[in-house]
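The primary structure of each chain is shown beneath.
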Amino acid sequence: MKVEMKNNLFSERVLGIEMSGIRKFFQKAKPGSINLGIGQPDFPTPEHIKIAGIKAIEDNLTGYTFNTGVPELREAISAKFKRENGLVYSPDQIIVTGGAGEALHIAMESLVDNGDRVLYPDPGFVSYRECAVLAGGIPGGIPVDESLHIKTEVCKEMLDGAKVMVLNSPANPTGAVEDRETIRDLVEYADDAGVTVISDEVYEHFIYDKEHTSAALFGDNVVTINAASKTFSMTGWRIGFVAAEQELIDQMIKVHQYCLTCATSISQYAALAGYTGTNECVHEMKSEYAARRDLLYNGLKDLGFEFPKPEGAFYMFVPMETEMQYKILDAGVVIIPGDAFGKNAVDYARFSYAASRDDITEALKRIESII
Ligand SMILES: Cc1ncc(COP(=O)(O)O)c(C=O)c1O
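Here is what the cut-offs are and how they apply
Residues numbered from 1 in each chain as written. Predicted model: local features only at pLDDT ≥ 70, side-chain atom pairs only at ≥ 80, totals over all residues. Heavy atoms only, no water. 1 Å grid on protein atoms, 1.4 Å probe; cavity = no way out; pocket = protein on both sides within 12 Å on 5 of 7 lines; lining within 4 Å. Points joined across faces, edges and corners; volume = space filled by probe spheres on them. Nonpolar A, V, L, I, M, F, W, Y, C, P; charged D, E, K, R; others polar. Helix = DSSP H or I, 4+ residues; strand = E, 2+ residues; numbered from the N terminus. Axes fitted to C-alpha atoms, helices over the stretch in contact; angles between N-to-C directions. Parallel < 35°, antiparallel > 145°, perpendicular 65-115°, else oblique. Left-handed = near helix turned anticlockwise from the far one by under 90°. Contact = heavy atoms within 4.5 Å. Near = heavy atom within 4 Å. Polar contact = N/O pair within 3.5 Å; in protein donor to acceptor, adjacent residues only side chain to side chain. Areas by Shrake-Rupley, 256 points an atom, 1.4 Å probe, with all protein chains shown as cover. Patch = residues over 30% accessible without salt bridge, like charges linked within 9 Å, V, L, I, M, F, W, Y side chains within 5 Å. Salt bridge = Lys/Arg side-chain N within 4 Å of Asp/Glu carboxyl O. Buried < 20%, exposed > 50% of the residue type's maximum accessible area, 1.4 Å probe, protein only. Domains from an automatic or database assignment. Buried area = accessible area lost by both parts, 1.4 Å probe.

Draft legend 1. Structural detail: empty space enclosed by the protein. Scanning the model with the defined rule gives two cavities of 30 Å³ or more in all. Estimates place the volume of the largest cavity at around 80 Å³. Lining of the largest cavity is provided by 14 residues; of these, Pro-121, Ile-150, Asn-168, Ala-171 and Glu-178 occupy positions nearest its centre. Among the residues forming the lining of the largest cavity, the class breakdown is eight nonpolar, five polar and one charged. Roughly 60 Å³ of volume is contained in the second largest cavity. Around the second largest cavity, the lining residues are Leu-167, Asn-168, Ser-169, Glu-178, Ile-183, Leu-186, Ser-199, His-212, Thr-213 and Ala-215. Mapped by element, the contributors of at least two residues to the lining of the second largest cavity are β5 (164-168) and α8 (180-192). Here the lining of the second largest cavity is composed, by residue class, of four nonpolar, five polar and one charged.

Put into structure tokens, the structure is as follows:
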């Protein structure tokens, strides 16, 4: 039944957001299409993590956990922050969430008041704008330049009077990785302007020619968000986490408590095996992504597409007109139009290489057939 939107049934906040444009494009795909639209790893969850999840069920670890998450997992994440990111967050400064998605939501709900300006990369991950609007914020998309990196000078100007700025490196959908100096510059500038930075680092392990830099290295007014989802190919297990100054954690925990109570207990024990185990599985996934990146990048370049080589995540953001995007879809290859990721990238399409090399090769053949 179609609901008349002009009544008073629904909140303006929820009417102000839309279903993700990603889903809309998927619905247009022909049967037998190759899916280069997907934003999740195609690897199975590593064996030691699955076994830990099964053991948690067998050991009846199936009740509520602390709202913040099981202590062993928060300790393991605290150790991970020290080891991999050079960040000092005590276990008390960490909340285990239902994926990075929930972490983002509780951060926005805790920081944003009606009318506060929230900045986020545009093109950017679909949730940033919508979470900001749901929290009552006024969204402001930070543009990127031709190399797909944030326009830092424009960003600095936008910071004046803003409340929150989201950074995402490596970035979805562009695959851009901001360098250390840019991140330092933006975080320090935000700090001076009294703007809280939310740093979404879910793709930190998938960087090919550069290094990852955590924003919280350069200021205290930074909320770090991450997840097991992409790192360990665990998207369906729904484990993410958020780390911040204690005062903010004390606010975010209230939102989390009344929304989710706690992240799934079984998944928390599975993620614990991930964060305390070897990163060998992550390295293997990364080297496979790197090979796929080269295959897809070189293939598209050979077909005449010009674009910067992505530095991280598992996406390629390719300039092309809408007509070409539909031709590719018609040829049986699902890609995602740039306008699903904001207003600034209409003439782009996102290709995901979280797909097998065979699928990438076949997709390139299909694209070649229409060029
Ligand atoms: C940049 C970015 N942040 C957050 C998320 C959400 O991650 P999760 O599945 O852990 O909620 C995604 C998922 O695609 C993403 O691309």
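Draft legend 2. Highlighting the packing of helix α4 (residues 71-85) against helix α11 (residues 265-276). Where α4 meets α11, the axes come as close as 9 Å, and the angle between the chain directions of the two elements is 30°. By the angle between their directions, the pair α4 and α11 is classed as roughly parallel. The two elements α4 and α11 meet at a crossing, and its hand is left-handed. Residues Glu-72, Leu-73, Ala-76, Ile-77, Lys-80 and Arg-83 of α4 touch α11, and the partners they reach there are Gln-268, Tyr-269, Ala-271, Leu-272, Tyr-275 and Thr-276.

Draft legend 3. The site of the ligand, seen in detail. The full set close to the ligand counts 14 residues, and Asp-200, Tyr-203, Ser-229, Lys-230 and Arg-238 are the nearest of them. Backbone polar atom of Gly-101 to an oxygen atom of the ligand: 2.8 Å apart, as the coordinates give it. Tyr-203 is positioned such that a nitrogen or oxygen atom in its side chain is 2.7 Å from an oxygen atom of the ligand. For the ligand, the accessible surface in isolation is 400 Å², of which the surrounding protein chains cover 90%. Elements with a minimum of two residues in the shell around the ligand: α5 (99-111) and α9 (228-231). It is α5 that contributes the most residues to the shell around the ligand, three residues altogether. Grouping the amino acids of the shell around the ligand by side-chain chemistry returns six nonpolar, five polar and three charged.

Draft legend 4. Fine view of unusual backbone geometry. The residue after Asp-122, namely Pro-123, is reached through a cis peptide bond having omega 10°. By the secondary structure assignment, Pro-123 is in the loop between β3 (117-121) and α6 (127-134). The amide bond that connects Ser-169 to the next residue, Pro-170, takes the cis arrangement and shows omega of -5°. Among the structural elements, Pro-170 can be located in the loop between β5 and α8. We note that Leu-148 has phi near 75°; this positive angle belongs to a residue other than glycine. Its place among the elements puts Leu-148 in the loop between β4 (138-142) and α7 (152-159).

Draft legend 5. Up close: a nonpolar patch on the surface. Among the surface-exposed residues, Leu-9, Phe-10, Val-14 and Leu-15 lie close enough to one another that they form a single nonpolar patch of about 340 Å² accessible area. When you line up the elements, Leu-15 lands in helix α1 (residues 12-15). Given a relative accessible area of 34%, Leu-15 falls into the partly exposed group.

Draft legend 6. How the structure looks around the domain arrangement of the chain. When the domains of the chain are assigned, the result is domain 1 (12-45 + 280-369) and domain 2 (47-276). Taking only C-alpha atoms into account, the centre of domain 1 sits 24 Å from that of domain 2. Counting from both sides, the interface comprises 38 residues of domain 1 and, opposite them, 43 residues of domain 2. At the boundary of domain 1 with domain 2, total buried surface from both sides reaches about 3200 Å², with 60% on carbon and sulfur atoms.

Draft legend 7. Local environment of the pattern of salt bridges. In the structure shown here, the tally under the stated rule is 21 salt bridges. Note that Glu-84 and Lys-80 form a salt bridge whose closest N and O atoms lie 2.9 Å from each other. In this pair, Glu-84 and Lys-80 both sit in helix α4, four residues apart, roughly one turn of the helix. Residue class for Glu-84 comes out partly exposed when judged on its relative accessible area of 27%. Through salt bridges with shared partners, a single ionic network connects Asp-42, Glu-288, Arg-292 and Arg-357.

Draft legend 8. Just the side chain of His-205, in detail. With respect to the secondary-structure elements, His-205 resides in the loop between β6 (196-200) and β7 (222-227). Exposure remark for His-205: the relative accessible area of 17% places this residue in the buried category. Beyond its immediate chain neighbours, meaning those up to four positions away, His-205 contacts Glu-84, Thr-231, Asn-279, Val-282 and Lys-286.

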